[in-house]
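Each chain, letter by letter, is given below.
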Amino acid sequence: MSAWIFVALGIAFVIAEVLFMDFTLIFFGIGFLIVAILSFFVDLSWQIQLLLAAIFSIVLLVLFRKRVKTAFFKSKEKYEDNFLDESGLGEIKNGMVYFKGTFWKSGKIANLKDGDKIKVLGVKNGQIVLEFDENNDEFAQNKGENE
């Protein structure tokens, strides 16, 4: 095959890559272009040209695809969604704290009754962190023990 056919195929793969942005076709385009340049200097049969194009393409794909993809799509800012780690107001239901659609067990709410509101500071290590105000009996009891 003529080297110009490999140039055309390489350019076609590169253009297709621009359309798909998958970072796969670019390496096939580069592989075909390398073989095209090599074919200008060395007379190769079309079977050898196709084999070399496949080898170059796969080697480039394996070696560089992940690096190029992470570099190209690298996020500039990190976004953390700590939905449960936010503070808010919970309610005592069925002997547990109801907070953000989830029921949480806590031994610190034994003296509270259903319907009582309680300040939730967040969730740490799978455990709910509560803050008691002075109107709650539990807070007064814990405060008396600590003094």
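Residues numbered from 1 in each chain as written. Predicted model: local features only at pLDDT ≥ 70, side-chain atom pairs only at ≥ 80, totals over all residues. Heavy atoms only, no water.

**Q** Summarise unusual backbone geometry; cite the residues concerned and give the values.
**A** Even without being glycine, Met 21 reaches a positive phi, approximately 50 degrees. Along the chain, Met 21 falls in the loop between α1 (3-20) and α2 (25-41). Looking at Met 21, the relative accessible area reads 36%, which means it is partly exposed. Residue Phe 23 is not a glycine yet carries a positive backbone phi of 60 degrees. Residue position: Phe 23 is located in the loop between α1 and α2. Judged by relative accessible area, which is 8%, Phe 23 ranks as buried. (Helix = DSSP H or I, 4+ residues; strand = E, 2+ residues; numbered from the N terminus. Buried < 20%, exposed > 50% of the residue type's maximum accessible area, 1.4 Å probe, protein only.)

**Q** Run through the pattern of salt bridges, naming residues and quoting values.
**A** Applying the stated criterion to the full structure yields three salt bridges. Linking Glu 91 and Lys 117 is a salt bridge whose minimum nitrogen-to-oxygen distance equals 3.2 Å. Residue Glu 91 is located in strand β1 (residues 88-93), and its partner Lys 117 is located in strand β4 (residues 117-124); the two are separated by 26 residues in the primary sequence. Looking at Glu 91, the relative accessible area reads 22%, which means it is partly exposed. For Lys 113, the salt bridge goes to Asp 116, with nearest N and O atoms at 3.9 Å. Judged by its relative accessible area of 58%, Lys 113 falls in the exposed class. (Salt bridge = Lys/Arg side-chain N within 4 Å of Asp/Glu carboxyl O.)

In short, shape yes, function no, at least from these values alone.
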